[in-house]
Amino acid sequence: MDNTEKIWNRRFVLLFITNLLVLAAFYASIPIIPVYCEEIGITGSKIGIVLTAMSVATVLFRPVAGYLLDNFNRYHVYILFLVLFCLSFPAFIAFPVFGLLIIVRLYMGAVYSVCGSATMTLAGDVLNPSKVTEGISRFAFTVSIGMALGPFVGIQVQEKLSSKASFMTIFAITVAALICVLCCKIEYPKTVRRKFLIKDSIHTQSLPFMFNMMFLMIPYGAVIAYSSILAQEKGIMSYLPYFYIFLVAGMLTSKLSTQRIIDSGKHRTLVYCSLLILIITMASYMMLETGVHMLIAGYFFGLGYGILQPLFQSFVTGTAPAEKRGVANSTYMLSYDIGIGIGSLLMGFMQEPIGLTNGFALTATAYIIGWVIYVCYVDGYYQKQKNILKACKKAE
């Protein structure tokens, strides 16, 4: 493994690109699936069920993902599951039936649970130990950009060509990711395999970060899954692709303006500011009628998540020992699976009774709950865990 002092070594850059492509592919599918479902006659709460099926599988398989990454060659495990992940997108075209689409989403969730945890773990392994927290903070930005760039590409292709063309485009993106990771060629020493035990498949030290981020991802799941349907309802579909451009712009702004603050350890102020921005943004959806409003909301949505996601990822990686990074990342990534799944499911049930704009605004309560959890527990817990890890390293 690469032990140079630089953060941006060759393997780190390749993994950065790989993760960006994988996440872009995954999140590209979220907004195009509801439209695709409506095209083939699946409507209402059934759309929410199709979307949520993946989250159920991912949550159930995450513990197994952590075990695989910590007890087998991480590089080989990632390549295998990335190949399996690639195959899930043509399957949407091959099985355009409600029951079969649920099975496809369950399969996709199981394989993605490994892919989503593996790249973050591999990235930490190719960094010098003194650069891990700083490097992962930068690497986590792939999550933010992938979440915004993927839906933009998927929707553009869907609008200009078709839903089937969108799925094949996403398939091509995952193949490009596979090529990138094959160029990394990371070598690992032979691992001593432990027996799989449920109690060892969850990294308990990461649970507070996971639980906190889970609430913060609920509104994201709602917005990403149902923005396309909202745009159709409001007659502003021409603005929708630019919504994701503004989302990326907001994330880039946050990255350029806050990275030094993150590196200096001033996390509390950033969390407070980002949550305040997100609460106001989601509440404003209640009054959304124009495309311009949607673009402004996209920018501030990106600004808030561009701060929160790298921060919380650095909390997890900065407090987990190297040998536990696989299970730590798998545990933490449950927050995305559960939060996005809940957000998608809730909007599926709220769409008809109260409308999407009111439903989006209502999800802002999840930010308030997440804020309370952070202030009352997670902030102090992070500092405590960080000090414990430092003491352990000194003792060694």
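The text that follows walks through the structure, step by step, so that each part is easy to find. The residue numbers shown here count from 1 along each chain, following its written sequence. Local features in this predicted model are restricted to residues of pLDDT 70 or higher, and side-chain atom pairs are both shown and tallied only at a pLDDT of 80 or more, whereas totals for entire chains, interfaces and linings draw on every residue. Water and hydrogen atoms play no part in the side-chain values, which are based on all heavy atoms of the structure.

### Structural notes on the packing of helix α3 (residues 74-94) against helix α7 (residues 163-182)
Here is step 1 of the chain: Each axis is a line fitted through C-alpha atoms, and for a helix only the stretch in contact is used; angles between axes span 0 to 180 degrees, taken between their N-to-C directions. Only DSSP runs of H or I covering at least 4 residues are called helices, and only runs of E covering at least 2 are called strands; the numbering of each starts at the N terminus. Viewed as axis vectors pointing N to C, α3 and α7 meet at an angle of 170°, and their least axial separation amounts to 8 Å. Between α3 and α7, the crossing angle belongs to the class labelled roughly antiparallel. For the pair formed by α3 and α7, the contact residues are Tyr75, Tyr78, Ile79, Leu82, Val83, Phe85, Cys86, Phe89, Pro90, Phe92 and Ile93 on the first element and Lys164, Phe167, Met168, Ile170, Phe171, Thr174, Val175, Ala177, Leu178, Val181 and Leu182 on the second.
Here is step 2 of the chain: Partitioned by chemical class, the residues of the contact of α3 with α7 number 20 nonpolar, one polar and one charged. An angle below 35 degrees is read as roughly parallel, one above 145 as roughly antiparallel, one from 65 to 115 as roughly perpendicular, and any other as oblique. In what follows, residue pairs with any heavy atoms lying within 4.5 Å of each other are defined as contacts. Note on residue classes: Ala, Val, Leu, Ile, Met, Phe, Trp, Tyr, Cys and Pro are nonpolar, Asp, Glu, Lys and Arg are charged, and everything else, Gly too, is polar.

### As for the packing of aromatic side chains
Here is step 1 of the chain: Aromatic pairs are defined between Phe, Tyr and Trp rings, using the six-membered ring for Trp, whenever the two ring centres lie within 6.5 Å; interplanar angles under 30 degrees are classed as stacked, those over 60 as edge-to-face, and all others as tilted. Enumeration according to the criterion identifies 29 aromatic pairs in this entry.
Here is step 2 of the chain: Each residue in the set Phe26, Tyr27, Phe85, Phe89, Tyr112, Tyr220, Phe301, Tyr305 and Tyr367 is aromatic and connected to the rest through ring pairs, giving one cluster.
Here is step 3 of the chain: Charge over a ring is defined by NZ of Lys or CZ of Arg lying within 6 Å of the ring centre and within 35 degrees of the ring normal. When the ring centre of Phe98 is taken as origin, the NZ or CZ atom of Lys46, which lies over that ring, is 5.2 Å away.

### Observations concerning the side chain of Asn212
Here is step 1 of the chain: Turning to its location among the elements, Asn212 is positioned in helix α8 (residues 207-234).
Here is step 2 of the chain: Those residues in contact with Asn212 that lie beyond four places of it in its chain are Phe312, Gly370, Ile373, Tyr374 and Val378.

### Quick word on the packing of helix α2 (residues 45-71) against helix α12 (residues 325-350)
Here is step 1 of the chain: Interhelical geometry of α2 versus α12 gives an angle of 175° and a closest axis separation of 8 Å. Taken together, the axes of α2 and α12 lie roughly antiparallel to each other.

### A word on the environment of Phe315
Here is step 1 of the chain: In this structure, Phe315 sits in helix α11 (residues 291-317).
Here is step 2 of the chain: C-alpha of Phe315 to C-alpha of Val181: the two residues are 134 residues apart in sequence and 26 Å apart in space.
Here is step 3 of the chain: Not counting chain neighbours up to four residues away, the residues in contact with Phe315 comprise Phe209, His267, Tyr374 and Tyr382.

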